[in-house]
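Okay, here's what each chain looks like letter by letter:
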Amino acid sequence: MRSTLLLPSSRLVWRRVGGVSLWLCLLLSVVAVGLRGAQAQSATPTPVPDLPFTQILPAQAEPIFTDTFDGPGNGGLPVLTDARRTTAYADGQYIVTVALQDQSVSPGWAQFYTDMAFEVEATWQAVGSQSGVGLRFRVRDDHAYLFLIEADGWFTLRRQLETETTLAEGISPFINQGVASNRLGVVADGNRISVYANGHLLSAVTDDALTTGQIMLEVRSGDPDPVRLAFENATVWGWPQPPPPTPTPVFLPKLPVGASLAFSDTFDLRQDVTLDQDATTSSQRFYGAGNYHIMVTAPQGYWQSTWGKTLYRDFAAAVWVEFADNSTDGSAGLALRAQSAAGDGYQFLLSPQGHYLLRKNRGGVPSILAEGQAASFLKANAARNELGALVNKDRFTLFINGQQAAAVSDDTYREGYVGLVAVAQQTPVHAVFRDASIFTWPETASFNDALPANARLQATETFDDPASGFMRNEHLGDRERYYADGQYHVVVHEPANSWMAVDSGSFADFAAEVEISPQLAGADHVAGLVFRYQNETNHYQFVIRQDGFYGLSRFQTDQDATLVSWRSSEFIERGAVTNTLGLIANGTQLSLYANGHLLGLADDAAFSGGKLGLVAFAGAVPPDNHVAFDNLRTWTWSADMTTGSRSLWATLGGILLVLFITVLTSYNRVLDLLLPSSVTAIKLGPLTIPLNRTGAPHTCPAPVILPPGPAASTPWWNLRSQTPKKGRKPPRTRTPGRVQPAAHRCP
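Here's a quick rundown of the structure. Given the structure is predicted, the values throughout are model-derived calculations rather than measurements. (Residues numbered from 1 in each chain as written. Predicted model: local features only at pLDDT ≥ 70, side-chain atom pairs only at ≥ 80, totals over all residues. Heavy atoms only, no water.)

1. Describing the overall build of the protein chain
The following threshold applies: Numbering goes from the N terminus for both helices and strands, where a helix is a DSSP run of H or I of at least four residues and a strand is a run of E of at least two. Per-residue accessibility, obtained with a 1.4 Å probe over protein chains only, is compared with the maximum for each type, and a residue is labelled buried under 20%, exposed over 50%, and partly exposed between these values. Only the protein chains shown count as cover for residues, and all accessible areas are computed by the Shrake-Rupley method using a 1.4 Å probe.
For the protein chain, the count of helices and strands is five helices and 46 strands. Counting all 747 residues of the protein chain, 46% fall into the buried class. A total of about 37200 Å² of accessible surface is found on the protein chain, and carbon and sulfur atoms cover 54% of it.

Set out below in structure tokens:
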């Protein structure tokens, strides 16, 4: 049997095929519509809400400056009007207009900031397709970071040095486009820089080229039509900074026992004492990337910068130095015991070729104290080297990378400032310094320790007895001096006037200490010691002020001189409190002390001796200066006696010699034992003394008159004998010549 397959009719087949196709078309249509909707939805993003800028700040950040743009008196932004730009304040806004194509304007605040956050609101009022608005920060001269946005949502972050470098750029949905407002923000924390729009992070980069500077606004025009921006609500935040790391010089083991770090500078502008930043046509000084730069372009020129608040005597200083911009000539290094910005003092210098020298500048004239080649001291394949100088008394010991290069002595300058210096030769030099430090150590000799070994305390005047004869009581209209309450008071009533109280003794080499107690407060009131006094116009004055300054002056007819200009010292107590002033005058060297500590030294040979006294000077406010002096002590030493002491000893020696010879002439038995019988007379200079050798009765010799010696001025320490006490006879006045006393009574 054959089986037959039954097929549906063709119409039925096509009907079924058509139905399936229809359903497929409908399905594809639905899918297509869904995809198109999804595409349309993705092309129109959901608006992103603004975020508070404060939520991304460091935890301890606090506002340190705010400008609400109420007027120039708050922030100090300029008001400008010229053909290409205008700036003005209006309704709590700062309006900036740039009228010409390819022009910009950058108004800024004067303050310098290191680590900070800043935000300002900027609103386009007239905008072009290629216009920009933004911020410049860490601005120093022509160097800065620039954060800029454009009206189409584009942003850029650039570093502007000698050349411009783009650090980040792109387009962001967080920037409101067109005529709209945007809050622009930046956070600069160390070498980390982050830029924001409306509270949203646009980019974060790491760069350490610039560490500090000003903040400025920026408006740029790239179109022929004017561009106008309105700024509102500018705020700067700051936060506590960790202490900078302490640089450790590699020559630290060479420091004296007891040395400690007195000052360090990592050149990040966190110190209270900073170096100068300025520029001229021939030189520049500026901070950058944790370094300090000195550039000198003038041939044979140099420029130095000092930490100018503290004078150093004995110290050690170190700094790392390298040369930039292919510097092949010149040198750079440390300024030591610098006297002024003009350059007097010492300079320890290293050249790019490894040559070092220590030179002294005096009156603008340099002289080389030590020099040599440092090739064996330089670090292999290293552009940066450490210079160190150990300055102790008159000894300079120089180090390069911890190795001693030279040692030399010079005592021209005994104290001064410390700083940095660069010197050009024939071509420009660009020196870069890093990690400077200064070490000091306790003074090795206090006032008592510095006294000569043979110094002896000669007198202590406590001012308890007005009859002691040291000073007298005087009360005049504009000044007074008198004893009271165991002190000696000097009062000056007339502003800008002084009064001295000087004793009648005389000193050559001596030491003195006195307690000075101001009775009235006044920062510019002066008190101290007068010494080697000849008269009112010829003497020295060593004085201190209540603000902690001291000075030494020489008053000499037509030749007055300041030997130590006003200088501050930590050893002087401030205000109307007691200070003990000390002075050692030994030959031409004058050593100044306060409260047992050495303040300074000076050399002067104008006066080799003179009287000692006290002085007070009244400043302008308040008009009176009232000073009480107490416990004046003086020392002298035999190697340098006063004129009065030498005269006294010469007189006593002469008297003893004549008495001895007189005894000899009175006893024949003594003469027979000591001298031959043929000796009948003794010749003593111009004197001839006959001897009685015959046993005959003694005949009186003619009176022997001693030649007058030099006038003996009464030593200062014996002044009390010059004023008779109650129940005492006044001292007898000696005459230039005296009759030789006889050994027995003559008729």
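2. Side note on the pairing of strand S41 (residues 589–594)
Looking along a regular strand, one sees side chains alternate from face to face of the sheet. Quick reminder of the rule: Here the rule is simple: two strands pair whenever DSSP picks up at least two bridges between them.
For S41, the buried fraction is high: five of the six residues fall into the buried class. Two strands pair when backbone bridges link them, and strand S40 (residues 579–586) and S41 are joined in this way by six bridges, in the antiparallel orientation. Of the residues in S41, the one forming a bridge with Ala 585 is Leu 590. Where S41 folds back on strand S42 (residues 597–603), the antiparallel hairpin that results is connected by two residues, among which Asn 595 adopts a positive phi of roughly 55°.

3. Quick notes on the pattern of salt bridges
Filter applied, for reference: A pair is scored as a salt bridge if a Lys or Arg side-chain nitrogen falls within 4 Å of a carboxyl oxygen belonging to Asp or Glu.
This model, assessed by the stated rule, comprises 23 salt bridges. In this structure, Glu 119 engages Arg 183 in a salt bridge whose closest nitrogen and oxygen atoms are separated by 3.0 Å. Taken as a pair, Glu 119 in strand S5 (residues 116–126) and Arg 183 in strand S10 (residues 181–189) lie far apart in primary sequence, 64 residues in all. In this structure, Glu 119 and Arg 183 share a single accessibility class: buried. In the salt-bridge network here, residues are joined through shared partners; they are Arg 136, Glu 218 and Arg 220.

4. Considering the pairing of strand S20 (residues 315–323)
For S20, the tally of buried residues reaches nine of nine residues, placing the bulk of the element in the interior. When S20 meets strand S29 (residues 429–440), the two strands line up antiparallel, connected through seven bridges. The partner of Phe 323 across the bridge, within S29, is Ala 431.

5. Some details on the environment of Gly 610
Mapped onto the elements of the fold, Gly 610 is located in the loop between S42 and strand S43 (611–617). You can call Gly 610 buried: its relative accessible area is 6%. When the C-alpha positions of Gly 610 and Val 530 are compared, they lie 9.7 Å apart, and in sequence the two are 80 residues distant.

6. Here's the deal with the side chain of Asp 344
Put simply, the test is: In this tally, Asp and Glu contribute negative charge and Lys and Arg positive charge; neither His nor the terminal groups of the chain are included. For the purposes of these results, a polar contact is taken to be a pair of N or O atoms within 3.5 Å, where, inside protein, one atom must be able to donate a hydrogen and its partner to accept one; residues adjacent in sequence count only when each atom of the pair is a side-chain atom. Contacts between residues were defined by any pair of non-hydrogen atoms, one from each residue, lying within 4.5 Å.
Along the chain, the position of Asp 344 falls in the loop between strand S21 (331–338) and strand S22 (345–350). Although Asp 344 is buried, it forms no salt bridge, and the closest oppositely charged side chain is Arg 362 at an N-O distance of 7.1 Å. A distance of 3.1 Å separates a polar atom in the side chain of Asp 344 from the backbone nitrogen of Gly 363. Every residue in contact with Asp 344, bar those within four places of it in the chain, is listed here: Arg 337, Ala 338, Gln 339, Asn 361, Arg 362, Gly 363, Gly 364 and Tyr 413.

7. Here we look at empty space enclosed by the protein
Our working rule: In this analysis a 1.4 Å probe is tested at points of a 1 Å grid over the protein atoms alone, and where it fits but cannot get out there is a cavity; an open set with protein on both sides within 12 Å along at least five of seven lines is a pocket; lining residues have an atom within 4 Å of a point. Grid points are joined across faces, edges and corners, and a volume is the space filled by probe spheres set on the points. By the convention adopted, Pro, Cys, Tyr, Trp, Phe, Met, Ile, Leu, Val and Ala count as nonpolar, Lys, Arg, Asp and Glu as charged, and the other residues, Gly among them, as polar.
Evaluation of the coordinates by the stated rule reveals one cavity of 30 Å³ or more. Computed from the structure, the largest cavity encloses a volume of approximately 90 Å³. Forming the boundary of the largest cavity are 14 residues, of which Ile 516, Pro 518, Ile 544, Arg 545 and Gln 546 lie nearest the centre. Sorting the residues of the lining of the largest cavity by element identifies strand S35 (510–518), strand S36 (526–535), strand S37 (538–545) and strand S44 (625–637) as the ones contributing at least two each. Taken together, the residues of the lining of the largest cavity sort by class into seven nonpolar, five polar and two charged.

8. Here's the deal with the sheet that holds strand S13 (residues 214–221)
Going by this rule: Think of each axis as a best-fit line through the C-alpha atoms, taken over the contacting stretch in the case of a helix, with angles from 0 to 180 degrees between the N-to-C directions.
Read from one edge of the open sheet, six strands run S4-S13-S6-S7-S8-S9, paired in antiparallel fashion. Where the open sheet ends on each side, the last strands, each with one partner, are strand S4 (103–105) and strand S9 (164–171). Along the sheet, successive strands turn relative to each other by an average axial angle of 20°, direction set aside. In this sheet, strand S8 (residues 154–160) lies alongside strand S7 (residues 143–150) in antiparallel orientation, the contact comprising six bridges. Residue pairing in the sheet places Leu 146 in a bridge with Arg 158 of S8.

9. Quick notes on unusual backbone geometry
Peptide bonds are, in most cases, trans, and in most cases residues other than glycine have a negative phi. For Asp 485, which is not a glycine, the phi torsion comes out positive at approximately 55°. Tracing the backbone through its elements, the reader meets Asp 485 in the loop between strand S32 (479–484) and strand S33 (487–492). For Asp 485, a relative accessible area of 75% corresponds to the exposed category. Positive phi is not limited to glycine here, since Asn 631 has a value of about 50°. Here Asn 631 is to be found in strand S44.

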